[in-house]
Amino acid sequence: MQKAMVSIGNIADKQARKDDKIQREARTAIAETFDAWLDWLEETAPDQIEDVFFELGCFATATNRRRMFKHAKAPEGVAERAQEQVDQWKAEEEAAKAAADDRAQSKSDAAESQA
């Protein structure tokens, strides 16, 4: 039984590594195609380039956001727009958390006063 479990574990590990490799290759393919796509976009819909960088910047980590806005095709000012959006989302999240904490505290206080 133990030998069968080890065998199943090895098969699962091999499949996981294969899946990881496929995903790494897919991300590399996207990265290698990105500049060609930006060139095409610049010719066909130049106004969309700013939107692309803005949206990517909004979802990137802070480090990746700094890196991507150094790209030659990153429009001026889009880094600031993306940072403002990220800051706004953080503020909204913090406000929602504070409101939830206040509601929880109010319920707790109400329960204590009834006891």
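Residues numbered from 1 in each chain as written. Predicted model: local features only at pLDDT ≥ 70, side-chain atom pairs only at ≥ 80, totals over all residues. Heavy atoms only, no water.

Caption draft 1: Fine view of the overall build of the chain. Helix and strand counts for the chain stand at 4 helices and 0 strands. The helix and strand sequence of the chain, counted from the amino end, reads α-α-α-α. Taken over C-alpha atoms, the radius of gyration comes to 24 Å for the chain, far larger than the 13 Å a tight globule of 115 residues would show. Overall, the C-alpha framework of the chain stretches about 70 × 60 × 20 Å when taken along its three principal axes. Looking at the chain as a whole, 15% of its 115 residues are labelled buried. Long-range pairs, those at least 24 residues apart, make up 43% of the contacts in the chain between residues at least 6 apart in sequence. When the accessible surface of the chain is summed, it comes to about 9,300 Å², and 54% of that surface belongs to carbon and sulfur atoms. (Helix = DSSP H or I, 4+ residues; strand = E, 2+ residues; numbered from the N terminus. Rg over C-alpha atoms; globule rule 2.2 N^0.38 Å. Buried < 20%, exposed > 50% of the residue type's maximum accessible area, 1.4 Å probe, protein only. Contact = heavy atoms within 4.5 Å. Areas by Shrake-Rupley, 256 points an atom, 1.4 Å probe, with all protein chains shown as cover.)

Caption draft 2: Highlighting the side chain of arginine 65. Mapped onto the elements of the fold, arginine 65 is located in helix 3 (residues 62–68). Buried charged residue arginine 65 carries no salt bridge. Nearest counter-charge: aspartate 87, at 6.6 Å. (Lys, Arg positive; Asp, Glu negative; His and termini not counted. Salt bridge = Lys/Arg side-chain N within 4 Å of Asp/Glu carboxyl O.)

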